[in-house]
Structures are given as structure tokens and as C-alpha cells.
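# Working through the structure, step by step
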Amino acid sequence: MDTTDFGDKTIVERYQKYLLVNKYFGKPAFMNFIDEIHGLNILDLGCGTGHFSRDLTKMGGICTGIDKSNKSIEIAKGIEGKKKLGIKYYCLNGANLEGIKSNFFDKVIIFQVLMNVPKENEIKNIFNEVKRVLKIHGEIIFSIFHPSLIRNYRDNLREIILPKDYNYFNNSINYKAKHLLTDFSWMEFKNTHWTLEFIFKILRANNFIITGIKEPMPKKDKFWKYFKNITKVPHYMFIKAIR
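Below is a short write-up of the structure. (Residues numbered from 1 in each chain as written. Predicted model: local features only at pLDDT ≥ 70, side-chain atom pairs only at ≥ 80, totals over all residues. Heavy atoms only, no water.)

### Re the environment of Ile11
Spelled out, the test is: Working definition: helices are DSSP H or I runs of at least four residues, strands are E runs of at least two. Numbering for both runs from the N terminus. Buried residues are those whose accessible area, probed at 1.4 Å on protein chains only, stays under 20% of the maximum for their type, while exposed residues exceed 50% and partly exposed ones sit between those limits.
Within the fold, Ile11 resides in helix H1 (residues 9-15). The class for Ile11 is partly exposed, based on a relative accessible area of 21%. Sequence separation between Ile11 and Phe111 is 100 residues, and the spatial gap between their C-alpha atoms is 18 Å.

### Thoughts on the sheet that holds strand S4 (residues 105-110)
Threshold: For two strands to pair, DSSP has to find at least two bridges joining them. Note on geometry: axes are C-alpha line fits, over the in-contact stretch for helices, and angles between N-to-C directions span 0 to 180 degrees. We call two residues in contact when some of their heavy atoms are within 4.5 Å.
Across the sheet, seven strands lie side by side as S3-S2-S1-S4-S5-S11-S10; this open sheet has mixed pairing. The strands lining the two open edges of the sheet, one partner per strand, are strand S3 (88-91) and strand S10 (209-214). Across the sheet, the mean angle separating the axes of adjacent strands is 20° when strand polarity is ignored. In terms of strand pairing, strand S5 (residues 134-145) meets strand S11 (residues 236-242) through seven bridges, oriented antiparallel. Across the sheet, residue Glu139 finds its bridge partner in S11, namely Ile242. Contacting S4, S5, S10 and S11, helix H2 (residues 20-34) runs over the sheet at an angle of about 25° to S11.

### Some thoughts on the sheet that holds strand S9 (residues 186-193)
The antiparallel open sheet is built from four strands, whose spatial order is S6-S7-S8-S9. Every interior strand has two partners, whereas the edge strands, strand S6 (153-154) and S9, have only one. Of the strand pairs in this sheet, S6 and strand S7 (residues 158-161) are connected by two bridges, and their pairing is antiparallel. Residue Tyr153 lies in a different strand from S7, and its bridge partner there is Ile160.

### Overview of the packing of H2 against helix H3 (residues 51-58)
Going by this rule: What sets the label is the angle itself: under 35 degrees gives roughly parallel, over 145 gives roughly antiparallel, 65 to 115 gives roughly perpendicular, and the rest give oblique. The hand of a helix crossing depends on one turn: near helix anticlockwise from the far one by less than a right angle means left-handed, and clockwise means right-handed.
Following both chains from N to C, one finds H2 and H3 inclined at 45°, their axes separated by 12 Å at the closest point. One element, H2, and the other, H3, form an angle in the oblique class. Along this stretch, H2 crosses H3, giving a crossing that reads as right-handed. Contact with H2, carried on its side by Lys27, Phe30, Met31 and Ile34, involves His51, Phe52, Asp55 and Leu56 of H3 and no other residues of that element.

### Section: the environment of Asn174
The condition is simple: Pairs of N or O atoms within 3.5 Å make up the polar contacts considered here, provided that, within protein, one atom can donate a hydrogen while the other can accept it, and that residues adjacent in sequence are counted only when both atoms are side-chain atoms.
Within the element layout of this structure, Asn174 appears in strand S8 (residues 173-180). Residues Asn174 and Met115, 59 residues apart in the sequence, show an inter-C-alpha distance of 9.1 Å. A polar contact of 3.4 Å, which involves the side chain of Asn174, links it to the backbone oxygen of Asn191.

### Some remarks on helix H4 (residues 70-83)
Quick reminder of the rule: Multiplying one less than the number of residues by 1.5 Å gives the expected span of a helix.
In a regular helix each residue adds 1.5 Å, so 14 residues correspond to 20 Å; H4 covers 20 Å between its end C-alpha atoms and thus fits that length. All buried positions along H4 are accounted for by Lys71, Ser72, Ile73, Ile75, Ala76, Ile79 and Glu80. Against the buried residues of H4 lie H1, H3, strand S2 (62-67) and S3.

Structure follows, in C-alpha cells:
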């Protein structure tokens, strides 16, 4: 089983409705984790249709968005053509940022992307490329599914379905995840599992220094009935590291 095909027009257009948990909890929490970006060069790696790039630009960042899905970039460019925020979008695989300047970006943002990368070498190459395009003392800020979520589990927001041969300590295992969208329909994704140890070893191999880890908890708001279980089974882990 491969990861979700975001090159598929139908999948990309449906994903435009966005995950409820990302829009109303994950994205705001991650924005707070990023800190000040005004006037900084920001790379949104795995930008999709540009949700994060647009918000980062509104916060004062000078943004470039890259994604390997041509359809996603097409939509992002279409929105940019109307809003004219000054965001540059490129259809590129994060594992090969050909044409992107070395030592250029102050921060590289990767929100909920790594589970869509199916191969170990591709993950390693992504971090290699991030190191190359970051300035000295530049920062990578990324999110992953919290390890405690990766088990057979269901609530009214998400469902994780693991294969019978699943073992947390084995990397590159595929599994299914279903998530509630903002229109309250469900969408199924095909993800790949990576251990924390594997991710941390890649960071260390590229001489990144971890400066922050956050396991965000939701606040009581109008979506509390959907998010309250996140206080028991965390959804995200946010990580910061400097080059």
C-alpha cells in the first residue's frame, strides 16, 4: 500500500475541505509554536494548496511553497493569482529541491507531511535538503502524529487502522487513517509510520540541535466535543531544531 496519492485531482479537491482537527486545533497551535517570522524567508515544504503559506504570509513571512503534487500547486497558484500575497509556489519533491538556493531560508515549516513519505531514503533526503537550504542557525519546525496515537483507535474525530503485522519499532509500515473534515464527512488516508528514534537520528546526522518539543492540548471551545479526547490521546507532536 502506497501513501495517499495527492496527485489525484479528486483527492486534492476533497482535501480542500481540510481536516477539522488541523483547521481548528492543529494549525493555530502550530502557528503559536513557530514564533516570530516577520520579514523572514520561510519555506513551506509540502505546502499542498497553500493553507499554511497564506497564513504565514499574513504573519509577515516571505513565503515559498513547494509540493510534489502538481494539482495542489495548480490550485495554490490559482488562489495566489486572486489574493496576490506574493507567495512563490513550485512543484518539487522535498527530497530534491533543485533550483532552490542554498543557505537561503530562515525557517523551513513541515506540517503533517512526513507520514505521506513512503520511503526511508526519501525521508533522509528531505532532511538533507532542508539542511542545505537553511541558513546557518536557521530553524526547521515540523509536526508528526503523536506516537501514542499510532494504534488501533477510534473516536468521533479520527480512526487509526493498523495492519496485523504492525510493530512500532519497524519503520516504513503503511496504515490507514480516517479523519473528519470540516464539512463533517470522513476521508481515508494511507500513511507511513516512522519512529521517533528514526527521526531524531536523521536530525542528529544532519547536525540539527533540537530546541523545542510540544505536545499541544486543545482548549474548550465550540469544537470541544470533537477535541476533548485529544487530552487523553494526543494528536500531534511539534519539534523545533536549529542548523
